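In case you want the letters, here they are:
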Amino acid sequence: MNDGRSVGAVHEPPLERKSMQHNRRSIRLHGYDYSQAGVYFVTICAWDRECLFGDAVNGKTTLNQFGETVAESWEWLATKHGYVELDERMIMPNHLHGIIVIADVVKGGRATA
């Protein structure tokens, strides 16, 4: 089924919906440089919080093709970027929680913790 949206693409909400969106208060620390080394807890939500990644049955998530792509993409981060280590992750039908460790990058392409 192709509804004109490609997986991984960034889409702007229609103008009529944009004005209805909540203005959330940022939970980021003011003045903190998020590009520096550290351990980060991330949450990534599906568009409109739709259950795009699979289904929850009896308290367990069964991933569909999109969910498997999300899992593969998460693992790809550590293979693509030598300064990235991945810890636990949980993919649910409409979002992902994960812990990512970003190490300092030093000259010569080597990463340090």
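Residues numbered from 1 in each chain as written. Predicted model: local features only at pLDDT ≥ 70, side-chain atom pairs only at ≥ 80, totals over all residues. Heavy atoms only, no water.

### So, the overall build of the chain
Of the regular secondary structure elements, the chain holds two helices and seven strands. Ordered by position in the sequence, the α and β elements of the chain form the string α-β-β-β-α-β-β-β-β. When each of the 113 residues of the chain is scored for burial, the buried share is 16%. Considering only contacts within the chain whose residues lie at least 6 apart along the sequence, 50% involve residues at least 24 apart. Counting only carbon and sulfur atoms, one obtains 54% of the accessible surface of the chain, whose full area is about 9,300 Å². (Helix = DSSP H or I, 4+ residues; strand = E, 2+ residues; numbered from the N terminus. Buried < 20%, exposed > 50% of the residue type's maximum accessible area, 1.4 Å probe, protein only. Contact = heavy atoms within 4.5 Å. Areas by Shrake-Rupley, 256 points an atom, 1.4 Å probe, with all protein chains shown as cover.)

### Here we look at the pattern of salt bridges
As enumerated under the stated definition, the model contains one salt bridge in all. The residue Glu75 makes a salt bridge to Arg89 at a minimum N-O spacing of 3.9 Å. One end of the pair, Glu75, is in helix 2 (residues 65-80); the other, Arg89, is in strand 4 (residues 84-92), with 14 residues separating them in the sequence. (Salt bridge = Lys/Arg side-chain N within 4 Å of Asp/Glu carboxyl O.)

### Looking at the sheet that holds strand 4
One open sheet holds the three strands; their spatial order is 1-5-4, and the pairing between them is antiparallel. Taken across any chain shown, the strands that pair with only one partner, and hence form the sheet edges, are strand 1 (38-45) and strand 4. Each neighbouring strand pair of the sheet contributes to a mean axis angle of 15°, computed without reference to strand direction. Here strand 1 pairs with strand 5 (residues 95-102) via eight bridges, running antiparallel. Considered in strand 5, the bridge of Phe41 is made with Ile99. Contacts from helix 2 reach strand 1, strand 4 and strand 5 within the one sheet, and its direction differs from that of strand 4 by about 170°. (Pairing = 2+ DSSP bridges. Axes fitted to C-alpha atoms, helices over the stretch in contact; angles between N-to-C directions.)

### Here we look at the pairing of strand 4
With seven bridges joining them, strand 4 and strand 5 adopt antiparallel strand pairing. Residue pairing for strand 5: Met92 is matched across the bridge by His95. Counted between consecutive antiparallel strands, the loop separating strand 4 from strand 5 contains two residues.

### Remarks on the nonpolar core
Counting residues in hydrophobic clusters, the biggest one holds 10 residues: Tyr40, Ala46, Phe53, Val70, Ala71, Trp74, Val84, Ile91, Leu96 and Ile100. Broken down by secondary-structure element, the contributors of at least two residues to this core are helix 2, strand 4 and strand 5. Sorting elements by how many residues they give to this core places helix 2 first, with three residues. With sequence-adjacent residues up to four places away left out, Ala46 is seen in contact with Leu52, Phe53 and Asn94. (Core = buried A, V, L, I, M, F, W, Y, C linked by side-chain atoms within 4.5 Å.)

### Let's talk about the packing of aromatic side chains
The geometry of two aromatic rings is summed up by the distance between their centres and the angle between their planes. Counted by the stated rule, this structure contains two aromatic pairs. Here the aromatic rings of Tyr32 and Tyr34 are separated by 4.7 Å at their centres, their planes lie at 75°, and the arrangement is edge-to-face. Members of the aromatic cluster, each reached through a chain of ring pairs, are Tyr32, Tyr34 and Tyr40. Sitting above the plane of the Tyr34 ring, Arg28 keeps its charged end 4.9 Å from the centroid. (Phe/Tyr/Trp six-rings, centres within 6.5 Å; stacked < 30°, edge-to-face > 60°. Lys NZ or Arg CZ within 6 Å of the ring centre and 35° of its normal.)

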